[in-house]
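Geometric and topological summary
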Amino acid sequence: MFVVKWLGRLGDQFLYITEQIGRSAMLLFYALTGIAKPPYKLHLITRQILFIGARSLFVILVAGFFTGMVLALQFYNTLERFGSIDLLGSATALALVRELGPVMTALMVIGRAGSAMCAEIGIMRTSEQIDALECMAIDPYRYLIAPKIIAGIISVPLLTSVFDVIGILGGYVVGVVVFGLSSGAYFDSMYAGVEWNDIMMGLNKSLLFGLTITWVSTTMGFFLHYDRKGAYGAEGVSRITTNAVVLSSIAILFGDYLVGAVML
Amino acid sequence: MAGNSLIHISDLVTHFGDKCVHDGINLDVRKGEILVIMGGSGSGKSTLMRCLLGLKAPSSGSVQLLGQDLFRSNRKQLVELRRQMGVAFQGGALFGSMTVGENVCLPLREHTRLDPNTMRIMARMKLEMVNLGGAENLMPAELSGGMIKRAAFARSMIMDPKLLFFDEPSAGLDPITSAELDELILRIRDAMQTTIVVVTHELESAFRIADRITLLHAGKILMTGSVEEVQASDNQHIQDMLKRKPRSEAFDVDRYLSQLTGDRVSRQ
């Protein structure tokens, strides 16, 4: 009996995951086809860019600066042992542009905006606001989801580039100001080391991450009522939001590896 | 279907998973009448409302609104249909990021090409109707429960719909406010000849506003009739429902105890 019960539960889980994947694909499809149709909702998109992008700027600046500083500190220590301190600029910039910039930015955006988006849509679901939109003949995919996804795709690459630049600046502070490396050497090795391909890789990643974050968070919130444990009220929203943050973080780290493996 | 009925439900069967919620519902709502759907909790009245709004698909049977089958319409027809109906949800379902005025204007902004001033005036008119004139610039968070309900009423009426749906208009409100909302519903009907469907479990409110009452019990319609017909019915469930309410309000501890102990404990 135990085996049967266990198998049953496994099957339930499988069905639930399959359904959820189907639903999220449907959501993305409706949202993207909704965007394509005029009239365009520019004011909704700008409001979301303000929320996801502009309001995240401060966090990104701080995180980027410290990440750059830490990187330069560690690289300086390591490179010193091999007597190749001149490579500090290129090492810092490459690490930032290719990996840390997109990933750290994505994680910060998940924490700041992804969780908020999921909770917002989840509460709209539980308080019948999404039903109200449907009944007013306003397409919730187009009105609620699409602006968030567009804003994510626009904001995250921009934030990533800000993160890269401020990170390089942080590395400069540690390498040049603290350890006394020459300013020319720092930037020279950067010019020599970083190629267009590296920048494209970072950009591609951040575009993908922008889509992933908004997609996962909005899906989790939007389909809150399908949750197997029966999400209800505050507890439901908090659990779904936690799931959204965990899931999108994992998706980001996995996607990072995937893009890296494909593009290298 | 009958010529003057705006809503026509036939043989509606719905399920939640394996659980049968409605088992063959037939109902007509005539033009210009207020139909109250009543029933205890779990009787399926909220689900019936969701079916009427096209939010829950039935297992079988059909729902026709304004002569059009709700679940056999394509998206465009559905949009057309929904522009002619208004809904006020139980919790109001106002959007927290917008002011009351913007909430009320939203259907206009999405469906019409009126200029912003006209929209503002129309919203103002609807808000005046529900005694909320001057509240346009407040946020929903600044409103009381009754004001939220009234703002939701105003939003549901902004497109001058032919059909209005109110879900539990008096739930969670004090008697005075809920009486005011009852008067408001009657006024809306008289002013605009709107057909109104109200889901409620409040007897007093139902008797005050209803032209006809439909009583749901365990997924079936017990009866549909005027207030007098319902009150005069000798159906056991209906009489239970009419009488049980005061009894459950004045909960008799002694009797409950003696019921449990089989009269072995005498009243002290």
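Refer to the structure printed above.
The model shown is predicted, which means the values in this text are computed figures rather than measured ones. (Residues numbered from 1 in each chain as written. Chains lettered and ligands numbered in written order. Predicted model: local features only at pLDDT ≥ 70, side-chain atom pairs only at ≥ 80, totals over all residues. Heavy atoms only, no water.)

Thoughts on the overall build of chain B
If you tally the helices and strands in chain B, you get 10 helices and 10 strands. Burial status across chain B gives 50% buried among its 268 residues. Considering only residue pairs separated by 6 or more positions, chain B has 65% of its internal contacts joining residues 24 or more positions apart. Only carbon and sulfur atoms are counted for the fraction: they give 49% of the accessible area of chain B, which is about 13,200 Å². (Helix = DSSP H or I, 4+ residues; strand = E, 2+ residues; numbered from the N terminus. Buried < 20%, exposed > 50% of the residue type's maximum accessible area, 1.4 Å probe, protein only. Contact = heavy atoms within 4.5 Å. Areas by Shrake-Rupley, 256 points an atom, 1.4 Å probe, with all protein chains shown as cover.)

Focus: the overall build of chain A
Each helix and strand counted, chain A has 9 helices and 0 strands in total. Helices (α) and strands (β) of chain A occur, in sequence order from the N terminus, as α-α-α-α-α-α-α-α-α. By principal-axis analysis of the C-alpha atoms, chain A measures approximately 65 × 55 × 30 Å. Accessible surface, chain A as shown: approximately 13,000 Å² in total, 72% of it carbon and sulfur. Measuring between centres, the 17 positive side-chain charges of chain A sit 9 Å from its 17 negative side-chain charges. (Lys, Arg positive; Asp, Glu negative; His and termini not counted. Charge placed at Lys NZ, Arg CZ, Asp CG, Glu CD.)

Some points on the pattern of salt bridges
Following the criterion strictly, the structure yields 20 salt bridges over all chains and no others. Two residues, B:Asp211 and B:Arg189, come together in a salt bridge whose shortest N-O distance is 2.6 Å. Linking B:Asp211 in the loop between α7 (203-209) and β9 (212-217) with B:Arg189 in helix α6 (residues 175-192), this pair joins segments that are 22 residues apart in sequence. Assessed through its relative accessible area of 13%, B:Arg189 is described here as buried. Connected via shared salt-bridge partners are A:Glu99, A:Lys205 and A:Asp256. (Salt bridge = Lys/Arg side-chain N within 4 Å of Asp/Glu carboxyl O.)

Some words on the sheet that holds strand β3 (residues 34-38) of chain B
Residues and elements named next belong to chain B. Read across the open sheet, the 6 strands follow the order β6-β7-β8-β3-β9-β10; overall the sheet is mixed. Edge positions in the sheet fall to β6 (85-88) and β10 (220-225), since each of these pairs with one other strand and no more. The average undirected angle you get between the axes of adjacent strands in this sheet is 15°. Bridge count between strand β7 (residues 163-167) and strand β8 (residues 195-200): 5 bridges; the pairing is parallel. By the bridge assignment for β8, Asp167 is matched with Val199. Against the sheet, α6 makes contact with β3, β7 and β8, and its axis sits at roughly 165° relative to β8, the strand it touches most. (Pairing = 2+ DSSP bridges. Axes fitted to C-alpha atoms, helices over the stretch in contact; angles between N-to-C directions.)

Regarding helix α5 (residues 145-157) of chain B
Between its first and last C-alpha, α5(B) extends 19 Å over 13 residues, near the 18 Å set by a 1.5 Å rise per residue. Restricting attention to buried positions, one finds in α5(B) the residues B:Gly146, B:Lys149, B:Arg150, B:Ala151, B:Ala152, B:Phe153, B:Ala154, B:Arg155, B:Ser156 and B:Met157. (Expected span 1.5 Å × (residues − 1).)

Observations regarding the pairing of β3(B)
Residue and element names in this part refer to chain B. With 5 of its 5 residues buried, β3 lies for the most part within the structure. Taking every second residue as pointing to the same face, both faces of β3 are buried, with Ile34, Val36 and Met38 on one and Leu35 and Ile37 on the other. Relative to β8, β3 runs parallel, the two being bridged by 5 bridges. The residue of β8 that forms the bridge with Leu35 is Val197.

A word on the pairing of β9(B)
Residue and element names in this part refer to chain B. Among the 6 residues that make up β9, 5 are buried, leaving the element largely enclosed by the rest of the structure. The pairing of β3 with β9 spans 4 bridges and is classified as parallel. Within β9, the residue paired with Val36 across the bridge is Ile213. The hairpin turn running from β9 into β10, its antiparallel successor, is 2 residues long, and Ala218 in that turn takes a positive phi close to 50°.

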